[in-house]
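What follows is the residue order along each chain.
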Amino acid sequence: MIKSVPTTPYDDQKPGTSGLRKKVPHFQQPNYVQNFVQAIFDSLEGFEGQTLVVGGDGRYFNREVIQIVLKMAAAAGFGRVLVGQGGILSTPAASNIIRTTSAFGGIILSASHNPGGPNEDFGIKYNISNGGPAPEKITEAIYARTKTISEYRIFDAPDVDLDAIGTLALGPMTVEVIDPVEAYAALMEKLFNFSAIRTMFGNGFSMAFDAMHAVTGPYAKEILENRLGAAPGSVRNAVPLPDFGGHHPDPNLVHAKELYDQMMSPAAPDFGAASDGDGDRNLIIGRGIFVTPSDSLALLAANAQLAPGYAAGLAGIARSMPTSAAADRVAEKLGIGIYETPTGWKFFGNLLDAGKATICGEESAGTGSNHVREKDGLWAVLLWLNILAVRQESVKDIVEAHWRNYGRNYYTRHDYEGIDTEAANGLMAHLRSELASLPGTKINGLFVSMADDFTYHDPVDGSVSAQQGVRVVFDDGSRMVFRLSGTGTSGATLRVYLERLVTDEDKLGLETQEALADVIAAAQSLAGISERTGRTAPDVIT
Ligand code: VG1
Ligand code: CO
């Protein structure tokens, strides 16, 4: 029986960079989840009888929300829901299922790299039929709907058993509980040279993969250990936990410090990697060398043809604006297109669908390709393994050869987390007000050649996204970018992205913060970071 329940709107259900993210207690307010899910369904057309894919990263509150989504999907008229066993689907695996089953769309429950638990973060995101995050046109319609909603509809039925694989009826709708790993693992086998990687492991190649007690554990165990023959125990923290063991499932040098320290020690394995809460990010560390995500994008693009799935070459590369220009130099050499998009994977979908780009990446540890419409952590790890298996060189040698060939884009991001929202907005407003007068002036000894607030013109559908980040470019090719995070759940996070291209062979081995010291100082003085935020140092440096 379908129940209609009266409700009143919340005024804060605006999706950010990647869906709606709030603290769990915020989501637990009466009808908060129901309002948002109903607003999603109300913003869509033509899904009667169609398939919806549902899954999440297993964090606290995942199961409860899945039950609500299933019952509301039945009331809305979907014909079938595919849900991962135990409510689990990594974000890239969900994207793959949406695509391969020709589903109408999907609902992914995750707050990605943010911590989980009763007082931590939760998130809901809608993906469209190409498997990618809903574009702004849809997220804006959803937000508009949340402001006027007056009732939601739900099928009145007992909870669905999510733990047994099989098909069930939920009123007129079918629920199929599916294996979350199988289809994804099969896709990876198609893209990569598993036999070459298996031979490499057979010859004693060692790796450490930190699943951070998040969703990639079961995927990495199956693919790396079972199918590729990595030594048992190569995958650590492999059991997904609702609170990620109390850690941030954020694969960066701060939150994956243990792995980093191990990779820098004499006893390091050949290759280290990690992924985030929902499995779409990757951290790559070779023995004695951290590979920045921007460099990793460039390296993967330059070597992709070594993997069977990319043997025919790339159509183009796309990167988010704050990502370093390392990939641009590869695209130039390959004679293929390079596209610069705003932060957030939703902007890559059109380029991938139109066949303009094959590989995409963000400086925030996201890399992916046209195999799905999300970034994909394990995909990046496997492409690296495929390249290592074919080239039979160390990560360090491969990276350093790349720098000699293309130059090195020194790159760092400084995050100031949980700062006062007004102070953060004031800082950005001040920067914007300065833009017009900056070109031609000198900041900390560096000449400004260009300054703007990035506006993206989508070359496929013509849509325009303004105010995507303040960038200041200097005449020596170095650059700084300022923007506020759109994924945080408390206060504001200021992200400052700093970059410099160095081609001089003698200067390729500098320490990153040193190589960028004058750009960092210029950013601090132009933005007045310490005066405006009271912070003298960033919380996270990546
Ligand atoms: C951050 C990253 C961005 C990424 C987004 C979602 O956004 O900077 O590159 O696409 O997270 O990643 P923001 O607005 O906080 O800078 V995930 O792994 O949360 O799906
Ligand atoms: Co993520």
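What you see is a predicted model, and the numbers here were worked out from it, not measured in a lab.

Q: I'd like a description of the nonpolar core, backed by residues and values.
A: Grouped together as the largest cluster of nonpolar side chains are 108 residues, with contacts concentrated most on Leu224, Phe271, Trp379, Leu385 and Met480. Judged by nonpolar contacts, the second largest core, of 47 residues, contains Val5, Phe47, Ile66 and Leu70.

Q: Which residues make up the environment of Gly246, and what are the values?
A: For Gly246, the location among the structural elements is in the loop between β11 (235–236) and α9 (257–264). Separated by 34 residues in the primary sequence, Gly246 and Met212 have C-alpha atoms spaced 10.0 Å apart.

Q: Please give an account of the packing of aromatic side chains that cites residues and values.
A: Scanning the entire structure with this criterion turns up 16 aromatic pairs. For the pair Phe201 and Phe205, a centre-to-centre distance of 5.6 Å together with 75° between the ring planes defines the contact as edge-to-face. A relative accessible area of 7% places Phe201 in the buried class. Judged by its relative accessible area of 15%, Phe205 is buried. Arranged with centres 6.5 Å apart and planes meeting at 40°, the rings of Phe454 and Tyr456 form a pair that is tilted. For the pair Phe454 and Tyr456, one class covers both residues: buried.

Q: I'd like a rundown of the side chain of Thr323, residues and numbers included.
A: Along the chain, Thr323 turns up in the loop between β15 (316–320) and α11 (326–334). Within the structure, Thr323 has its side chain in polar contact with the backbone nitrogen of Glu363 (distance 2.8 Å). Excluding residues within four positions of it along the chain, Thr323 makes contact with Ser294, Leu297, Gly361, Glu362, Glu363, Tyr411, Arg479 and Glu499.

Q: Provide a residue-level description of the environment of Ala521, including the pertinent values.
A: For Ala521, the position within the fold is in helix α17 (residues 517–527). Using a relative accessible area of 31% as the deciding quantity, one classes Ala521 as partly exposed. Linking Ala521 and Leu109, residues 412 residues apart in sequence, is a C-alpha distance of 39 Å.

Q: So, the sheet that holds β11: which residues are in play, and what are the values?
A: Read from one edge of the open sheet, five strands run β11-β10-β12-β13-β14, paired in mixed fashion. What marks the edges here is a single partner per strand, and that holds for β11 and β14 (289–291). By the bridge criterion, four bridges tie strand β10 (residues 207–210) to strand β12 (residues 271–274) in an arrangement that is parallel. Opposite Phe209, over in β12, you have Ala273 as the bridge partner.

Q: So what's going on with the domain arrangement of the chain? Which residues, and what values?
A: Along its sequence, the chain is carved into domain 1 (2–180), domain 2 (184–406) and domain 3 (408–541). Just the C-alpha atoms count here: the centres of domain 1 and domain 2 sit 28 Å apart. Taken together, both faces of the contact between domain 1 and domain 2 bury some 2400 Å²; the carbon and sulfur share is 57%. Our count for the contact surface shared by domain 1 and domain 2 stands at one salt bridge. Of the charged contacts, one joins Glu374 and Lys125 as a salt bridge, the two residues approaching to 2.9 Å between their closest N and O atoms. Among the secondary structure elements, those contributing two or more residues to the side of domain 1 that touches domain 2 are α4 (91–100) and β6 (121–127). Among the elements that take part in the side of domain 1 that touches domain 2, α4 stands out by supplying six residues, more than any other. Residue classes in the side of domain 1 that touches domain 2 are distributed as 10 nonpolar, 18 polar and five charged.

Q: A description of the site of ligand 1 should follow, citing residues and the corresponding values.
A: Neighbouring ligand 1 are 19 residues, the closest being Thr17, Ser112, Ser364, Gly486 and Thr487. Contacts to ligand 1 include His113, whose side-chain N or O atom sits 3.3 Å from an oxygen atom. Partitioned by chemical class, the residues of the shell around ligand 1 number no nonpolar, 10 polar and nine charged.

Q: With reference to specific residues and values, describe unusual backbone geometry.
A: Among all residues except glycine, the phi angle is most often negative; among peptide bonds, the trans geometry is most common. In the Ramachandran plot, Asn237 falls in the positive-phi region, its phi being about 50° despite a non-glycine side chain. With respect to the element layout, Asn237 can be found in the loop between β11 and α9. The backbone of Gln467 shows a phi angle near 55°, a positive value even though the residue is not glycine. Position of Gln467 relative to the elements: it lies in the loop between β23 (464–465) and β24 (470–474).

Q: Tell me about the sheet that holds strand β8 (residues 166–170), and please be specific about residues and values.
A: The strand order across the open sheet formed by seven strands is β2-β6-β5-β3-β4-β9-β8, and the pairing between neighbours is mixed. The open sheet terminates on both sides in strands that have one partner only, identified here as β2 (20–23) and β8. Ignoring strand direction, the axes of neighbouring strands in this sheet form an average angle of 20°. Two elements, strand β3 (residues 51–56) and strand β4 (residues 80–88), share five bridges in a ladder whose sense is parallel. Residue Val54 lies in a different strand from β4, and its bridge partner there is Val83.

Rules and cut-offs
Residues numbered from 1 in each chain as written. Chains lettered and ligands numbered in written order. Predicted model: local features only at pLDDT ≥ 70, side-chain atom pairs only at ≥ 80, totals over all residues. Heavy atoms only, no water. Core = buried A, V, L, I, M, F, W, Y, C linked by side-chain atoms within 4.5 Å. Buried < 20%, exposed > 50% of the residue type's maximum accessible area, 1.4 Å probe, protein only. Helix = DSSP H or I, 4+ residues; strand = E, 2+ residues; numbered from the N terminus. Phe/Tyr/Trp six-rings, centres within 6.5 Å; stacked < 30°, edge-to-face > 60°. Polar contact = N/O pair within 3.5 Å; in protein donor to acceptor, adjacent residues only side chain to side chain. Contact = heavy atoms within 4.5 Å. Pairing = 2+ DSSP bridges. Domains from an automatic or database assignment. Buried area = accessible area lost by both parts, 1.4 Å probe. Salt bridge = Lys/Arg side-chain N within 4 Å of Asp/Glu carboxyl O. Nonpolar A, V, L, I, M, F, W, Y, C, P; charged D, E, K, R; others polar. Near = heavy atom within 4 Å. Axes fitted to C-alpha atoms, helices over the stretch in contact; angles between N-to-C directions.

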